[in-house]
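Examination of the molecular architecture
Letter by letter, the chains look like this.
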Amino acid sequence: MSNAPEFPIAIIGAGFAGIGAAIQLKQAGILSFTMYERAGEIGGTWRDNTYPGCACDVPSHVYSFSFEQNPNWNRAYAPAAEIQQYLLDCVARHRLRPHLRSNTTITAARWDDGAGEWHLDTSTGEAVTARVVISGVGGLVDPAYPDIPGLDRFAGDLFHTARWRHDVPLAGKRVAVVGTGASAIQVVPSIAPAVGRLVVFQRTAPWIMPKRDRVISEHTKQLFARFPGLQTAYRWALFGLSEAMGPIVFLDSPLSKIGERGSLRHLEQSVRDPELRRKLTPHFQFGCKRVLISDDYWPTFERDNVELVTESIREITPAGIVTADGVEHAVDVIVLATGFKLGLANAPFPVTGAGGRTLDDAWRDGAVAYKGMTVSGFPNWFILMGPNTGPGHTSVLVYTEHQIQYALQAIRMMIAEDVKAVEVKREVMDAYNAHLQARMKRTAWNSGCKSWYLNPDGSNHALYPGFASEYCLGVRHFKCDEYHVVPQAPGETASAG
Ligand SMILES: Cc1cc2nc3c(=O)[nH]c(=O)nc-3n(C[C@H](O)[C@H](O)[C@H](O)COP(=O)(O)OP(=O)(O)OC[C@H]3O[C@@H](n4cnc5c(N)ncnc54)[C@H](O)[C@@H]3O)c2cc1C
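In short, a report on the structure.

Each value, and the rule that gives it
Every chain begins its residue count from 1, and numbering advances along the sequence as written. With the structure being a predicted model, the display of local features is reserved for residues of pLDDT at least 70 and the display and counting of side-chain atom pairs for 80 or more, all residues being used for whole-chain, interface and lining totals. Side-chain numbers here rest on the full set of heavy atoms in the structure, without hydrogens or water. By convention in this text, a residue qualifies as near a molecule or strand provided that one of its non-hydrogen atoms is within 4 Å of it. In protein, a polar contact requires one atom able to donate a hydrogen and another able to accept it; more generally it is a pair of N or O atoms within 3.5 Å, and residues adjacent in sequence count only if both atoms are side-chain atoms. Computed with a 1.4 Å probe, the accessible areas rest on the Shrake-Rupley method; for each residue, only the protein chains presented here act as cover. Secondary structure is summarised from DSSP: a helix means a run of H or I of at least four residues, a strand means a run of E of at least two, and numbering begins at the N terminus for each. Classification used: nonpolar for Ala, Val, Leu, Ile, Met, Phe, Trp, Tyr, Cys and Pro, charged for Asp, Glu, Lys and Arg, polar for all others including Gly. Note on geometry: axes are lines fitted to C-alpha atoms, helical ones only across the stretch in contact, with angles between N-to-C directions running from 0 to 180 degrees. In these notes the angle categories are as follows: under 35 degrees is roughly parallel, over 145 is roughly antiparallel, 65 to 115 is roughly perpendicular, and the rest is oblique. We call two residues in contact when some of their heavy atoms are within 4.5 Å. The cut-offs for exposure are 20% and 50% of the maximum accessible area for each residue type, with area from a 1.4 Å probe on protein chains only; residues under the lower value are buried, those over the upper are exposed, and the others partly exposed. Buriedness for pockets is judged along seven lines, at least five of which must meet protein on both sides within 12 Å for an open set on the 1 Å grid over protein atoms alone, while cavities are sets there where a 1.4 Å probe fits but cannot get out, and lining residues have an atom within 4 Å of a point. Grid points are joined across faces, edges and corners, and a volume is the space filled by probe spheres set on the points. To estimate the expected span of a helix, subtract one from its residue number and multiply by 1.5 Å. Every case where a carboxyl oxygen of Asp or Glu lies within 4 Å of a side-chain nitrogen of Lys or Arg is listed as a salt bridge. Pairs were defined over the aromatic rings of Phe, Tyr and Trp, the Trp ring being its six-membered one, requiring ring centres within 6.5 Å. Orientation was assigned from the angle between planes: stacked under 30 degrees, edge-to-face over 60, tilted for the rest. The directions considered for the arc run from the helix axis to the C-beta atoms.

Glancing now at the site of the ligand. Within the structure, the ligand sits among 30 residues, and Ala17, Glu37, Asp57, Tyr63 and Val396 are positioned closest to it. Tryptophan 46 places a polar side-chain atom, nitrogen or oxygen, 3.4 Å from an oxygen atom of the ligand. Within the side chain of arginine 47, one N or O atom sits 3.0 Å away from an oxygen atom of the ligand. Look at the ligand: alone it shows 980 Å² of surface, and the protein chains cover 93% of it. Listing elements by their share of the shell around the ligand, those giving two or more residues are helix H1 (16-27) and helix H2 (45-48). Of the residues belonging to the shell around the ligand, the class tally is 16 nonpolar, 10 polar and four charged.

This is how it looks when you write it as structure tokens:
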């Protein structure tokens, strides 16, 4: 394949998605790519989230690349530091550092119709030109700070889980955790034994299923190292299991009762105090918000130094948190476990496509893309983990890997056939999304709760309303007839390859 500088490819972001794309391009013999990363190091989610207890909530053997399987995972659910090390090892093994521009934020992108290329502005002032852009900017990157009056008046230490202050000692302190979502349920049991007093502020009680995390024995690691096929089979089994459980999580159907019953049984086994159990019981349909997994979150509330507050927060004072009942909860440290701004709410930075149309404009009524990857009016732009590609029940990476393969097919075709631009046909994209939103009505996410998955108008542009295997089969082939494929004008060349 070609290493032609005439076919430069820009990968934006060096998290799982960007790194996966870089590995696959390199393995396909396409070396003319550069990975732009706004932070000083690779890793994305797993670089930024270093809070105590942070770990994946999909088994590590599925939450890793199929083409970079790791026989040495130490736990069924690897902690963040181990996942970050895995990504660092991937970058080292595939010698990706020469392709990486860290501390470089892409700040704007403009499509040049005549030349058939993207012009990218960077924070370093470097002007980048790329024939193809692969956007791997992530969906859960920027912390969401709650709009609580007095947030800036607190006299103690206040920080977000995704920006953990390791310089703030918690031992013996009075600590508040605001939020009871995916990060909170990992932080709360991890810090409770060390802090003096822990007050957890809950707006909505989440559905929680048993995690059954465990140490992976040396024997199993050796077996996986010696017989990689065995690990692949195990990976498939884990994936198959998550797919089998999928409809319980994502369908608005009587099946969700199975999940509810399992979770309530788990609650009963975790908490003896009936009043506490009542407060921790969710009041919305199973699956409507993200289903969480934990073995130690619920039991933590039976500790003497832990309190659950279900009154809503009125304000933050210099001394602590005041709830709607007028009680002031005096604390030394406030931890905001309040999640992330959804990366798909708008374009990650100004992106101007064909005819001067911006991505924000195209996404005014919600982010849409064909198969979550390509947008009409934005040629040669491939999004990884774009609109409607998030799973509710399995590993994100299953989707990401297939998206990388799809983009790779297009890139290979463009190089081989001397193609200037590929742009998904508007009617193809619209028909796909109309079908998707129709299916969305039958999902648990649309069963009436308020969640970060939903736009203000109730539409869901975040998640895929089906099985992962179904999505993956659907993106197996890049089909030229679904795209406007623009050849190079005579005399121009796409590549020397
Ligand atoms: C705490 C936490 C736990 C999670 N656990 C799981 C799990 O168990 N299973 C699962 O499937 N998913 C999980 N997720 C979702 C997780 O985000 C994805 O699985 C995956 O890590 C996303 O990888 P990514 O490369 O798409 O995005 P990210 O990891 O977010 O990486 C995006 C990268 O792009 C960079 N970037 C952004 N904008 C720019 C720009 N303009 N210019 C240059 N660089 C830019 C960012 O700095 C970042 O490094 C979790 C998320 C969080 C926050």
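Back to the write-up after that little detour.
This part takes up the packing of helix H5 (residues 218-226) against helix H6 (residues 228-250). Two elements in contact, H5 and H6, have axes whose closest approach is 4 Å; the angle formed by their N-to-C orientations is 110°. Looking at the two axes, H5 sits roughly perpendicular to H6. Together, Leu223, Phe224, Ala225 and Arg226 of H5 and Pro228, Leu230, Gln231 and Tyr234 of H6 make up the contact between the two elements. Within the contact of H5 with H6, the residues separate by chemical class into six nonpolar, one polar and one charged.

Before going further, it helps to examine the side chain of asparagine 433. Relative to the helices and strands, asparagine 433 resides in helix H12 (residues 426-440). A relative accessible area of 8% places asparagine 433 in the buried class. A distance of 3.2 Å separates a polar side-chain atom of asparagine 433 from the backbone oxygen of alanine 369. Beyond its immediate stretch of four places on either side in the chain, asparagine 433 contacts Val368, Ala369 and Asn388.

This brings us to the layout of surface pockets. One way to see where empty space is left: roll a probe the size of a water molecule over the atoms. Of the volumes computed, that of the second largest pocket is approximately 960 Å³. Taken together, 33 residues make up the lining of the second largest pocket; nearest its centre are Tyr77, Met209, Pro210, Met245 and Ile293. Secondary-structure elements contributing two or more residues to the lining of the second largest pocket are H6, helix H7 (256-270) and strand E12 (292-293). Its residues assigned to classes, the lining of the second largest pocket comprises 19 nonpolar, eight polar and six charged.

Right, let's talk about helix H11 (residues 396-417) for a bit. Helix length check: H11 (22 residues) gives 32 Å between terminal C-alpha atoms against 32 Å at 1.5 Å per residue, within 8%. Positive backbone phi, at 60°, marks aspartate 418, one or two positions downstream of H11.

Structurally, asparagine 305 can be placed in the loop between helix H9 (297-300) and strand E13 (306-309). A relative accessible area of 14% means that asparagine 305 is categorised as buried. Here alanine 192 takes part through its backbone oxygen, which lies 2.9 Å from a polar atom of the side chain of asparagine 305. Filtering out sequence-adjacent residues up to four positions away, asparagine 305 remains in contact with Ala192, Val195, Gly196, Arg197 and Leu198.

On to the pattern of salt bridges. A full pass over the atoms with the stated rule returns 22 salt bridges. The residue glutamate 307 makes a salt bridge to arginine 197 at a minimum N-O spacing of 2.9 Å. One end of the pair, glutamate 307, is in strand E13; the other, arginine 197, is in strand E10 (residues 197-201), and 110 residues separate them in sequence. Relative accessible area serves as the criterion here: at 33%, arginine 197 is assigned to the partly exposed category. For glutamate 275, the salt bridge goes to arginine 278, with nearest N and O atoms at 2.8 Å.

Note on backbone geometry: most residues besides glycine have negative phi, and most peptide bonds are trans. Although it is not a glycine, methionine 385 sits at a positive phi angle of roughly 55°. With respect to the helices and strands, methionine 385 occurs in the loop between strand E19 (381-383) and H11. Residue classification places methionine 385 among the buried positions, given a relative accessible area of 17%.

Aromatic ring pairs are described here by two measures, namely the spacing of the ring centres and the angle between the planes. What the rule picks out here adds up to 27 aromatic pairs. The interplanar angle of 80° and the centroid separation of 4.9 Å between the aromatic rings of phenylalanine 159 and tryptophan 164 together place this pair among those described as edge-to-face. Both residues of the pair, phenylalanine 159 and tryptophan 164, count as buried. Ring plane angle 75° and centroid distance 6.2 Å describe the contact between tryptophan 445 and tyrosine 453, whose orientation is recorded as edge-to-face. Looking at tyrosine 453, the relative accessible area reads 2%, which means it is buried. A network of ring pairs unites the aromatic residues Phe16, Trp46, Tyr63, Phe65, Phe67, Trp73 and Tyr86 as a single cluster.

Counted by the stated rule, this structure contains two cavities of 30 Å³ or more. When its volume is computed, the largest cavity comes out at roughly 120 Å³. Considering the residues around the largest cavity, the lining is formed by 14 residues, among which Ser135, Val137, Leu344, Pro348 and Ile383 are closest to the centre. Of the residues assigned to the lining of the largest cavity, the class counts are nine nonpolar, five polar and no charged. Roughly 50 Å³ of volume is contained in the second largest cavity. Considering every element that reaches the lining of the second largest cavity, the biggest residue donor is H11, with four residues. The residue makeup of the lining of the second largest cavity, split by class, is eight nonpolar, no polar and no charged.

Attention shifts here to the environment of phenylalanine 349. Tracing the backbone shows phenylalanine 349 in the loop between strand E17 (333-336) and strand E18 (351-352). Not counting chain neighbours up to four residues away, the residues in contact with phenylalanine 349 comprise Ile12, Ile106, Thr107, Ala108, Ala109, Val137 and Trp381.

The next point concerns H7. Taking 1.5 Å as the rise per residue, H7 with 15 residues should run 21 Å; its terminal C-alpha atoms sit 21 Å apart, in good agreement. Buried within H7 we find Ser256, Gly259, Glu260, Gly262, Ser263, His266, Leu267 and Ser270. On an axial view of H7, the arc spanned by its buried residues comes to 165°, and they lie on one face. Among the exposed residues of H7, those pointing more than 90 degrees away from its buried face are Arg261, Arg265, Glu268 and Gln269. Its buried side turned inward, H7 meets strand E11 (208-209), H6, helix H8 (274-280) and H9.

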